[in-house]
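# Observations on the model geometry
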Amino acid sequence: MNRRYRKTIIAGNWKMNKTATETKALVEDVKQRVAKSKWCEVVLCVPFVDIPAAVRQTKDCRIAIGAQNLHEEVSGAYTGEISGAMLKDLGVKYVIIGHSERRQYFGETDQTVAKKVGAALDAGLKAIVCVGETLAQRDMDVTMELIALQVKSALNAVPTTEELKRIVFAYEPVWAIGTGRTATAEQAAEVCTFIRALIRKKYGARAARGVTIQYGGSMNAQNADELLAQLDVDGGLIGGASLKPEDFAAIVQAANQ
Ligand code: PEP
């Protein structure tokens, strides 16, 4: 973390868990536990149908609500899809884009991700853009090439430093998501620093140092301290642990140290 230049953000990704009824109690529990978070912004990215309940429950606190996806078009004949404007209208602040589960199970490509980043920006949302390599790619030693492709493609949808202020990157090695296998602090730092260098190349040093770059992949109460101690790791995108208020709050606490 480097709070002098950028925001520390811990975002929970609930994935496809919790009904709207269950949302109320879980958000309330998290809210009580993170109430004292002074330095770290807390975001809860909940399923679409849970958004109204989550927004209602956080009206009187600083927790921001996020979505986990959006459609790239503004409106139209896209049965079952949700637009950025619909999310914005509900009080959503953030949207996760290009999560590896979306890339893996729903065929999202770097091109789709770039379109969605553009759609999020147009709707006035902040985007948490996920990038990361598979185990096979790491073993083949192509991690940096792959990350560069993913990052540069997403940044094609970000024309100026003004829009860049609404972009967060999440480095999420696919092999670490939901597996209990975390990247080492050195591995996380190496890629996060590389992502910042790519941003610097396009927008300059001043803009790049303001961008929040999270790590995601089995981050938990035990490993959060070491990961967040890395200068270029500005927070976390938390899956499994975000459904356990005690664990999630412990990560938020680590991010406030
Ligand atoms: C995620 O879904 O973005 C994630 C990091 O999951 P987990 O923390 O469970 O590995």
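The text that follows walks through the structure, step by step, so that each part is easy to find. (Residues numbered from 1 in each chain as written. Predicted model: local features only at pLDDT ≥ 70, side-chain atom pairs only at ≥ 80, totals over all residues. Heavy atoms only, no water.)

Helix and strand content of the protein chain: twelve helices and eight strands. In terms of overall dimensions, the protein chain is globule-like: its C-alpha atoms have a radius of gyration of 17 Å, near the 18 Å expected for 257 residues. Considering only C-alpha atoms, the protein chain reaches an extent of 45 × 45 × 35 Å along its principal axes. Working note: accessible area of the protein chain is about 11900 Å², and carbon and sulfur atoms make up 52% of it. The averaged location of the 29 negative side-chain charges in the protein chain is 7 Å from the averaged location of its 33 positive side-chain charges. (Helix = DSSP H or I, 4+ residues; strand = E, 2+ residues; numbered from the N terminus. Rg over C-alpha atoms; globule rule 2.2 N^0.38 Å. Areas by Shrake-Rupley, 256 points an atom, 1.4 Å probe, with all protein chains shown as cover. Lys, Arg positive; Asp, Glu negative; His and termini not counted. Charge placed at Lys NZ, Arg CZ, Asp CG, Glu CD.)

On to the pattern of salt bridges. For the structure on display, the rule yields 14 salt bridges. Measuring nitrogen to oxygen at the nearest pair gives 2.8 Å for the salt bridge that ties K7 to E41. Residue K7 is found in the segment before β1 (8-13), and its partner E41 is found in strand β2 (residues 40-45); the two are separated by 34 residues along the sequence. Assessed through its relative accessible area of 39%, K7 is described here as partly exposed. For E41, a relative accessible area of 18% corresponds to the buried category. With a closest N to O distance of 2.7 Å, K116 and E108 form a salt bridge. By relative accessible area, which is 7% here, E108 ends up buried. One salt-bridge network, held together by shared partners, links R6, R196, D232 and D234. (Salt bridge = Lys/Arg side-chain N within 4 Å of Asp/Glu carboxyl O. Buried < 20%, exposed > 50% of the residue type's maximum accessible area, 1.4 Å probe, protein only.)

Moving on to the site of the ligand. The immediate surroundings of the ligand are formed by 14 residues, with K15, E172, G178, S218 and G240 found nearest. Contact between the ligand and K15: an oxygen atom at 2.7 Å from a side-chain N or O atom of the residue. Within the backbone of G178, a nitrogen or oxygen atom sits 2.7 Å from an oxygen atom of the ligand. Considering the ligand on its own, with 290 Å² of exposed area, one finds that the protein chains cover 95% of that surface. The residue inventory of the shell around the ligand, partitioned by class, reads four nonpolar, eight polar and two charged. (Near = heavy atom within 4 Å. Polar contact = N/O pair within 3.5 Å; in protein donor to acceptor, adjacent residues only side chain to side chain. Nonpolar A, V, L, I, M, F, W, Y, C, P; charged D, E, K, R; others polar.)

Below, the discussion takes up helix α7 (residues 143-155). Between its first and last C-alpha, α7 extends 18 Å over 13 residues, near the 18 Å set by a 1.5 Å rise per residue. Inspection of α7 places T143, L146, I147, A148, Q150, V151, S153, A154 and L155 among the buried residues, and these make up the whole buried set. (Expected span 1.5 Å × (residues − 1).)

Once that is clear, we can look at the side chain of T212. Here T212 lies in the loop between α10 (205-208) and β7 (213-216). A polar contact of 2.7 Å, which involves the side chain of T212, links it to the backbone oxygen of K7. Apart from residues lying up to four places away in sequence, T212 is in contact with R6, K7, I9, V168, F169 and D234. (Contact = heavy atoms within 4.5 Å.)

A separate point is helix α9 (residues 185-203). The α-helix advances 3.6 residues per turn, and as a result positions three or four apart in sequence lie on the same side. The end-to-end C-alpha separation of α9 is 26 Å, in line with the 27 Å expected for 19 residues at 1.5 Å each. Taken as a whole, α9 has its buried residues at A185, A188, A189, V191, C192, I195, R196, L198, I199 and Y203. One or two steps after α9, the chain reaches G204, where phi turns positive at roughly 95°.

The element β1 is extensively covered by neighbouring structure, given that six of its six residues are classed as buried. Side chains T8, I10 and G12 of β1 all project onto a buried face; the interleaved residues I9, A11 and N13 project onto the opposite face, where all are buried too. Handedness of the crossover joining β1 and β2 through helix α1 (residues 20-34): right-handed. (Right-handed = clockwise from strand over helix to strand, strands pointing away.)

Turning our attention to the pairing of strand β5 (residues 126-131). The buried count for β5 comes to five of six residues, which makes it a mostly enclosed element. By the bridge criterion, four bridges tie strand β4 (residues 94-97) to β5 in an arrangement that is parallel. Residue pairing for β5: I97 is matched across the bridge by V129. In the sheet, β5 pairs with strand β6 (residues 167-171) via five bridges, with the strands oriented parallel. If you follow A127 over to β6, its bridge partner there is I167. (Pairing = 2+ DSSP bridges.)

Another aspect to go through is the packing of aromatic side chains. On inspection of all chains with the given rule, the structure shows one aromatic pair. Taking the ring centre of F106 as reference, the NZ or CZ of R102 above it sits at 4.1 Å. (Phe/Tyr/Trp six-rings, centres within 6.5 Å; stacked < 30°, edge-to-face > 60°. Lys NZ or Arg CZ within 6 Å of the ring centre and 35° of its normal.)

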